[in-house]
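# Chain and residue survey
Here is what each chain is made of, one letter per residue.
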There are 4 protein chains.
Amino acid sequence: MTEIADAAATPPVGLFLIGARGSVSTCVTLGVLALRSGRIDRTGLVTARAPFAALPLADPGAFHIGGLDVRTRPMRETALDLGRLGLFSTELVTAEAAALDAVDARVGAGHFDQPDVPSRADGFERESVSKAGMAPRERIAAVQAALAKFRKEVAGGRIVVVNLASTEVARPVPDEWKSLAAFERALDAGATIPASTLYAYAAIAAGIPYVNFTPSLGAKVGAIEELARARRVPHAGCDGKTGETLVKTVLGPMFRDRNLRVLAWEGFNMLGGGDGATLEDPAHKAGKVANKDEALRKLLGETQELHTHVGIEYVPSLGDWKTAMDFIQFRGFLGTRMTLQFTWSASDSALAAPLVIDLVRLVDFAHRRGEAGALGHLAAFFKSPLGSNETDFYRQNQLLEEYARAAAR
Amino acid sequence: MTEIADAAATPPVGLFLIGARGSVSTCVTLGVLALRSGRIDRTGLVTARAPFAALPLADPGAFHIGGLDVRTRPMRETALDLGRLGLFSTELVTAEAAALDAVDARVGAGHFDQPDVPSRADGFERESVSKAGMAPRERIAAVQAALAKFRKEVAGGRIVVVNLASTEVARPVPDEWKSLAAFERALDAGATIPASTLYAYAAIAAGIPYVNFTPSLGAKVGAIEELARARRVPHAGCDGKTGETLVKTVLGPMFRDRNLRVLAWEGFNMLGGGDGATLEDPAHKAGKVANKDEALRKLLGETQELHTHVGIEYVPSLGDWKTAMDFIQFRGFLGTRMTLQFTWSASDSALAAPLVIDLVRLVDFAHRRGEAGALGHLAAFFKSPLGSNETDFYRQNQLLEEYARAAAR
Amino acid sequence: MTEIADAAATPPVGLFLIGARGSVSTCVTLGVLALRSGRIDRTGLVTARAPFAALPLADPGAFHIGGLDVRTRPMRETALDLGRLGLFSTELVTAEAAALDAVDARVGAGHFDQPDVPSRADGFERESVSKAGMAPRERIAAVQAALAKFRKEVAGGRIVVVNLASTEVARPVPDEWKSLAAFERALDAGATIPASTLYAYAAIAAGIPYVNFTPSLGAKVGAIEELARARRVPHAGCDGKTGETLVKTVLGPMFRDRNLRVLAWEGFNMLGGGDGATLEDPAHKAGKVANKDEALRKLLGETQELHTHVGIEYVPSLGDWKTAMDFIQFRGFLGTRMTLQFTWSASDSALAAPLVIDLVRLVDFAHRRGEAGALGHLAAFFKSPLGSNETDFYRQNQLLEEYARAAAR
Amino acid sequence: MTEIADAAATPPVGLFLIGARGSVSTCVTLGVLALRSGRIDRTGLVTARAPFAALPLADPGAFHIGGLDVRTRPMRETALDLGRLGLFSTELVTAEAAALDAVDARVGAGHFDQPDVPSRADGFERESVSKAGMAPRERIAAVQAALAKFRKEVAGGRIVVVNLASTEVARPVPDEWKSLAAFERALDAGATIPASTLYAYAAIAAGIPYVNFTPSLGAKVGAIEELARARRVPHAGCDGKTGETLVKTVLGPMFRDRNLRVLAWEGFNMLGGGDGATLEDPAHKAGKVANKDEALRKLLGETQELHTHVGIEYVPSLGDWKTAMDFIQFRGFLGTRMTLQFTWSASDSALAAPLVIDLVRLVDFAHRRGEAGALGHLAAFFKSPLGSNETDFYRQNQLLEEYARAAAR
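## Thoughts on the overall build of chain A
- When its secondary structure is counted, chain A shows 14 helices and 11 strands.
- Relative to its length of 409 residues, chain A is compact, with a C-alpha radius of gyration of 21 Å against a globular reference of 22 Å.
- With the C-alpha coordinates aligned to their principal axes, the bounding extent of chain A is approximately 65 × 50 × 45 Å.
- A separation of at least 24 residues holds for 79% of the contacts in chain A among residues at least 6 apart in sequence.

## Considering the interface of chain D and chain C
- Taken together, the 48 residues of chain D in the interface contact 48 residues of chain C.
- At the level of secondary structure, the elements contributing two or more residues to the side of chain D that touches chain C comprise α1 (23–37), α10 (244–257), β10 (337–347), α13 (348–368) and α14 (393–408) of chain D.
- Per-element accounting of the side of chain D that touches chain C gives the leading share, 10 residues, to β10(D).
- Residues that form the side of chain D that touches chain C fall into these classes: 29 nonpolar, 14 polar and five charged.
- Pairing geometry for strand β10 (residues 337–347) of chain C and β10(D), over seven bridges, is antiparallel. Residue pairing in the sheet places Gln341(C) in a bridge with Thr343(D) of β10(D).

## Side note on the sheet that holds strand β11 (residues 373–374) of chain B
Residues and elements named next belong to chain B.
- Pairing within the open sheet is parallel, and its seven strands lie in the order β3-β2-β1-β4-β5-β6-β11. In the strand order of this sheet, the two ends are held by β3 (107–109) and β11, each with one partner.
- Pairing of strand β5 (residues 210–212) with strand β6 (residues 234–237), which is carried by three bridges, proceeds in the parallel orientation. By the bridge assignment, tyrosine 210 is partnered in β6 with histidine 235.

## Let's talk about the relation of the copies chain D and chain C
- At an RMSD of 0.0 Å, chain D and chain C line up after a rotation of 180° and a shift of 0.0 Å along the axis. The transformation relating the two chain copies, once decomposed into turn and shift, fits a two-fold axis. When C-alpha positions in chain D are compared against the rotation axis, the closest is assigned to Phe342(D), at 2.0 Å.
- When the interface residues of chain D are mapped onto chain C, 100% of them are again interface residues, pointing to one common binding face.

## Overview of the packing of helix α1 (residues 23–37) of chain A against helix α13 (residues 348–368) of chain A
All names here are of chain A.
- Interhelical geometry of α1 versus α13 gives an angle of 60° and a closest axis separation of 8 Å. Taken together, the axes of α1 and α13 lie oblique to each other. In this structure, α1 meets α13 at a crossing whose hand is right-handed. On α13, the residues touching Ser23, Val24, Cys27, Val28 and Gly31 of α1 are Ser349, Ala350, Ala352, Ala353, Pro354, Val356 and Ile357.
- Split into classes, the residues belonging to the contact of α1 with α13 amount to nine nonpolar, three polar and no charged.

## Re helix α12 (residues 282–300) of chain D
All names here are of chain D.
- Here α12 contains 19 residues, and its C-alpha end-to-end distance of 26 Å stays within 8% of the 27 Å for a straight helix at 1.5 Å per residue.
- Of all the residues in α12, the buried ones are His284, Lys285, Gly287, Lys288, Asn291, Lys292, Ala295, Leu296 and Leu299.
- Phi turns positive, to about 80°, at glycine 301, one or two residues after α12.

## Notes on the domain arrangement of chain A
Residues and elements named next belong to chain A.
- Along its sequence, chain A is organised into domain 1 (14–240 + 350–408) and domain 2 (244–347).
- Using only C-alpha atoms to locate each centre, domain 1 and domain 2 end up separated by 26 Å.
- In this assembly, 19 residues from domain 1 lie in contact with 25 residues from domain 2.
- Within the residue set of the side of domain 1 that touches domain 2, elements represented by two or more residues are α13 and α14 (393–408).
- For the side of domain 1 that touches domain 2, the class distribution of residues is 10 nonpolar, six polar and three charged.

## Quick look at helix α10 (residues 244–257) of chain B
Residue and element names in this part refer to chain B.
- The end-to-end C-alpha separation of α10 is 20 Å, in line with the 20 Å expected for 14 residues at 1.5 Å each.
- A large share of α10 lies buried, amounting to 12 of its 14 residues.
- Restricting attention to buried positions, one finds in α10 the residues Glu244, Thr245, Leu246, Val247, Lys248, Thr249, Val250, Leu251, Gly252, Pro253, Met254 and Asp257.
- Phi for asparagine 259, located one or two positions after α10, is positive at around 60°.

## A word on the pairing of strand β7 (residues 261–271) of chain B
Residues and elements named next belong to chain B.
- Counting buried residues in β7 gives 11 out of 11 residues, a clear majority hidden from the surface.
- Here β7 pairs with strand β8 (residues 307–314) via eight bridges, running parallel. Bridge pairing links alanine 264 to histidine 307 in β8.

## Side note on unusual backbone geometry
- A cis amide bond links Gly237(A) to the next residue, Cys238(A), at an omega of -10°.
- Summarising the element assignment, Cys238(A) is placed in the loop between β6 (234–237) and α10 (244–257).
- The omega torsion across Ala50(B) and Pro51(B) is 5°, close enough to zero to call that bond cis.
- Tracing the backbone through its elements, the reader meets Pro51(B) in the loop between α1 (23–37) and β2 (64–69).
- At Leu334(A), a position not held by glycine, the phi torsion is positive, near 65°.
- Among the structural elements, Leu334(A) can be located in the loop between β9 (321–331) and β10 (337–347).

## Quick notes on the sheet that holds strand β11 (residues 373–374) of chain C
All names here are of chain C.
- The seven strands are arranged β3-β2-β1-β4-β5-β6-β11 in an open sheet whose pairing can be described as parallel. Looking at the sheet topology across the chains shown, the edges are occupied by β3 (107–109) and β11.
- Of the pairings in the sheet, the one linking strand β6 (residues 234–237) to β11 comprises two bridges and is parallel in character. Bridge assignment links histidine 235 to a residue of β11, and that residue is alanine 374.
- Its contacts with the sheet put helix α6 (residues 136–152) on β1 (14–18), β2 (64–69), β3 and β4 (159–163), and the angle it makes with β1 is roughly 150°.
- Each of β1, β4, β5 (210–212) and β6 is contacted by helix α13 (residues 348–368), which is oriented at about 135° to β4, the strand it contacts most.

## Focus: the relation of the copies chain A and chain B
- When chain A is fitted to chain B, the best match, at an RMSD of 0.0 Å, comes from turning it 180° and sliding it 0.0 Å along the axis.
- Mapped onto chain B, 100% of the interface residues of chain A again fall at the interface, so both copies present the same surface.

## Points about the interface of chain A and chain B
- Listed by partner, the interface residues are 48 residues for chain A and 48 residues for chain B.
- When residues of the side of chain A that touches chain B are traced back to their parent elements, those giving at least two are α1, α10, β10, α13 and α14 of chain A.
- At 10 residues, the largest contribution of residues to the side of chain A that touches chain B is made by β10(A).
- Within the side of chain A that touches chain B, the residues separate by chemical class into 29 nonpolar, 14 polar and five charged.

## Some points on the environment of Ala283(D)
Residues and elements named next belong to chain D.
- With respect to the helices, strands and loops of the structure, alanine 283 is situated in helix α12.
- Given 14 C-beta atoms within 10 Å, alanine 283 falls into the partly exposed group.
- The spacing of alanine 283 and glycine 218 is 65 residues in sequence and 17 Å in space, taken between C-alpha atoms.
- Ignoring sequence-local partners within four residues, the contact set of alanine 283 consists of Val169 and Ala170.

## Things to note about the nonpolar core
- The biggest cluster of nonpolar side chains holds 540 residues, and the ones touching the most others in it are Val162(A), Val162(B), Val162(C) and Val162(D).
- Leaving out residues up to four positions away in the same chain, Val162(B) has contacts with Leu15(B), Leu17(B), Ile18(B), Val211(B), Phe213(B), Val356(B), Leu359(B) and Val360(B).

## Here we look at the pairing of β10(C)
Residue and element names in this part refer to chain C.
- The buried fraction of β10 amounts to 11 of the 11 residues, a majority that puts the element mostly inside the structure.
- The side-chain alternation of β10 yields two buried faces, one formed by Arg337, Thr339, Gln341, Thr343, Ser345 and Ser347 and the other by Met338, Leu340, Phe342, Trp344 and Ala346.
- Sheet topology places strand β9 (residues 321–331) next to β10; 11 bridges connect them, and they run antiparallel. Within the sheet, the bridge partner assigned to phenylalanine 327 lies in β10 and is glutamine 341.

Calculation rules
- Residues numbered from 1 in each chain as written.
- Chains lettered and ligands numbered in written order.
- Predicted model: local features only at pLDDT ≥ 70, side-chain atom pairs only at ≥ 80, totals over all residues.
- Helix = DSSP H or I, 4+ residues; strand = E, 2+ residues; numbered from the N terminus.
- Rg over C-alpha atoms; globule rule 2.2 N^0.38 Å.
- Contact = placed C-beta atoms within 7 Å.
- Nonpolar A, V, L, I, M, F, W, Y, C, P; charged D, E, K, R; others polar.
- Pairing = 2+ DSSP bridges.
- Least-squares fit on C-alpha atoms with pLDDT ≥ 70 in both.
- Axes fitted to C-alpha atoms, helices over the stretch in contact; angles between N-to-C directions.
- Parallel < 35°, antiparallel > 145°, perpendicular 65-115°, else oblique.
- Left-handed = near helix turned anticlockwise from the far one by under 90°.
- Expected span 1.5 Å × (residues − 1).
- Buried ≥ 20, exposed ≤ 12 C-beta atoms within 10 Å, placed from the backbone.
- Domains from an automatic or database assignment.
- Core = buried A, V, L, I, M, F, W, Y, C linked by C-beta atoms within 7 Å.

Have a look at this one:
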């Protein structure tokens, strides 16, 4: 685990967070600040390992952070909540409090879609709530204005947009969004388009790379891919592979490679926090469940025998901790039935934060190299990777390492 | 999971089992018979999958089985015991009873080493007990005579020896066994040499491939490797990777690749049956524990922080079932401490049997292709692979698949 | 665990099973036969323990068994299926096959309610399906005729009816069923009344004790309690406490008595078999979930902080095995958050069968002693006990033991 | 869970801790201070529940705390360590820092026995190390002087001594210690007597109640019981029942009462912290393992079939957290084999602290009531209760509640 110092010549990067005051964003920001002050090490950062450490990636301790959110609760408070839950000591938050507040001051009011506006508007930016009815073109212009302002704060103007906002309600995607021209006509006509997709459009149209770490639609639309290729902008997504699905895509290939027939894979996820509260709503949950299940079914192959279930239960007392209990029954030689169970108890935010930092480094690097469109070599980071059909974690990881070795030459 | 029919031209293979009446051997034999009669499918056989299915491997349903054992309890009885424990229905045993008895009739008296002779000699072949004091050269000659006899029963004379006998007491290996000449002088001088190594020598010297599926010494001696290369005979080992260690070498790389620091990996294995009873003795247990721990430590890298433990507890009521409970604590970004636990409840015999069949097919194939010495491409099958330093299951598996694809051309 | 011989003078008992061909009934029947032939011991029978062993309870090996079912699949086939799943050896089934067939021959066609008739009528008694539309008084008369016939087969005429049929769809219970007179008017008027309640009425009106081991309505109606008291007939129910709920009502009091605040108790039940298939339907599941949750909430006390969840997932490959995974988070002194998880892997049928036998013995004994109405001292056997508010397993058990000691004097 | 205000008239109590700077003592002290300042509630205190709340027990928030220790690391530091591990927020420690320091200033140098002196004496009170060779009568005098001084600080002079020091090496207990006279002759002769027993003698001879919360010998000696009865002083012990053993004595009766035969109960305990480090030494571990196993075997009854194992593994990274994984296999009706597994993840210190407070309140109350000798009604608090043979948690708890109800009259 040798960590090679980042090349001095690497240009700085600005990280523009959508959902900048949520738990993951707070961990990203606290982590960047603590890397800068030397209070933590690079554990959890994939790009701190060989062969990535040999690439001229941006220095994460030097990230300039800003963004948008619809909520008003300060990051410092969220960070203290996470500390009280035991993710890290509140002492770390106290030490970085002033720096956190400085980032917080750079966060503007985000956008809602009508179906995603919560019934009770407490703790939400007044401006965000009022924006929920704005025409798409107006919203794109507003986002681009915020991006242009943020870009000026970064020497060299290199920025990356990362979507970490709450999962949106799953909605059908019109077929015409496959083409950029038709999609832009829909924009002009004031069609209802998910905020995550408007953000993606706004960033990419402005030549800024975009990462979707959530299950929301974002750039998973043919029109956006077309735009990205036209503008020579890379993007990546979607739905960060942090916990149970990571373990699934690690264990699944074992059964496949040993020719053991999985009969049942039942996963029960329990989580609290904002993410849990959002996912309690079946409309929000649908997208997440589909991604978690799809990754596994792709690996194991569809058989009559295979029964799978993905449950997500909101358990308020868990806060940002997530516990997943999975039960796997499989059939071996001579018809013998056997089981594997696992319990994963982790913080999704603490797992997600370093991956977000990795993605910013790798997407920025790809942008500098002139890569465009969905970056399939980043599949290892996602439950539902764009630009790749691979869901086997080790094959994904191998693709990523091969990319790094090739790029390092 | 396409299964391609075995090429009609593939020559038949004889499988000579050391420890032919144990649980694994019983499952191998019952499995071969049930494949032949069509009562079971090829689930659990790695070589039934692409790309192996494209190779002209021997037909497992046509294996001719024989061997040696020190115990007298008939395979049919052992098979019924396993059926009563729920591995498979006793109806299957009843259906194959006559065929099982026919194999049993071909099993001769095996050899003991003095330190491995159990205090109570009930249920042991009288001849085996008397052999415990024989000179090594005499024992080799006796084994070779049995092999020569068995070879004649197989059209074409292709046979493979597989060691499935109880784990021997771990003993220091004299440095001089690194060279064949010195080892043969020791043989001549009547030195004390583990039975597993004598079997390996006897087989390989006779030009017969040898597989060591146990943690016993077997061919893990420089002299035997030298012999194998000289005689152009392949061999493989050691210690089949069937259960907890398989899961360890599947999960370990996930922590490594995500740059998560493992702080503790505590594994508690519970098993009954003959294997459990043998391993209850600390002298027998030592070798197994070392292999299980080494595989993991190689993967994760030695760090000050890493604490590992491998416990093996004999729980008589489990019979042939084995339950392993592992607890893993790891540290992520921001110092967050998280855990993964798993419980693996499986039958080692049912998991081992198809791998033994796979190994026979692949070692015989390598022999026909003229390969010699330790077959490193078979690392995926072993806890402590000979001819390879790789313990990461997916990298091992990739090596194996690459071999198959190359050989299929 | 002294087992005192059953008093020779104890009169024999006939056991009339509703749902006589289901898994639980098959285990009850196979168990009674195997006790009779001495092939099994009394493990699992509560009444084999002191202080119950001192009571003149009926000899379970001498039970005469009959009943009704809507399905046609023979008990012998069901027993073989259970044996193949590993509950017990198929050899035991083969040994008792003729005796099982003899019981099967005494099973008549059961009754359906219209909402409980499955869409596909394969494997169902033709007569049962046609009965689904019969008027309640006719159905009662038909049941009573079957009971009268069965009674004649038992010397002394002592019989007990036990409901082991599939869980019915949960339906609202009209308020007027609280009174016997009003309920009987509803009967006369041809009202729609669940089959389980009609069976209870038919038995109790005929002076025959009734046990409801399922979550179906059965005798949980004021009118039936009134009838039972008037006719001096005892009854017991409902919903046998065999697995996860048993563990819940054993562990729950620990948290209460240690003043530890339970924050979350999330239970995930996975089961296959007929019970699982029935419970997959939300309408059938509702009653079961309510009973499981209610038992726990009564124990722990309702607090703002407490979150509970009871999930039931149908996992076909599990067959009659049931795995429950429970996750409990609790808060202790100084606000420390801690967890307990458990996994219960058991066969509900094998756990239920001896309790059914216990109940028959104890209800028959109570009948002989002149007890009438819901037997509250049997609360330990049920998730939702009639005649008692106690859900703490140890308090329930203490009540039962005190009853036995008082009755033994 | 009504909490009745403590009777105003209840006299204050001084709590004299042996091992006053360890993790449990630190949690006791922090807890008392936080109860006083209203920063925590009474969760975890058994005596906060009915029927104990009705007794005139001393106010825990008013406890005056002092004691002895052989270590010098300040309680404030230990408390911060526990906070950083996530037991509670470090903010709580900061808020109570001055009050913790004030208690710390009252802690004197404790005593070692020669076999218990650690090889490296860093962080140990110089005085304690020098005391390791003192004659028993001198040590008793020194302890009594410290107690007399402490007593003067408490209005009314009511104090209780609680042993929370590290587990001592298990040593054979001479038969003559059964009688007080012989024991006192041994004292006079300068015999080697464990520190825990000298502390017990010193306290009880001075008329001060003594509680042994550790597995060390303490008052588990006939001579001390004789002394306690003669001086009319109550005492209680030994080995607090906080975690895995609590769960064992809660679940064990379920199997017993359902007549299910336990075949295997394998418990694997993992813990870090000072307790873990001490228990890593087999000599210290022996006593603990014996208590944990004995409690279970008493419950289940000794049978040929029962296999039990208690493993304790020191896992440094766990710190004060303890994870126990238990695997239970049992046999039911029809010979069906089933399993229950549980994982208990808790802080022993956070579980122990409120029980220590409960014991001080109840032992002081008993002293005021004139009770003497081992208090059997406190069995629920201990793994190896003195004055009672009951190990079933619910029966123990019932005894305790009955005592409280009788005393409240």
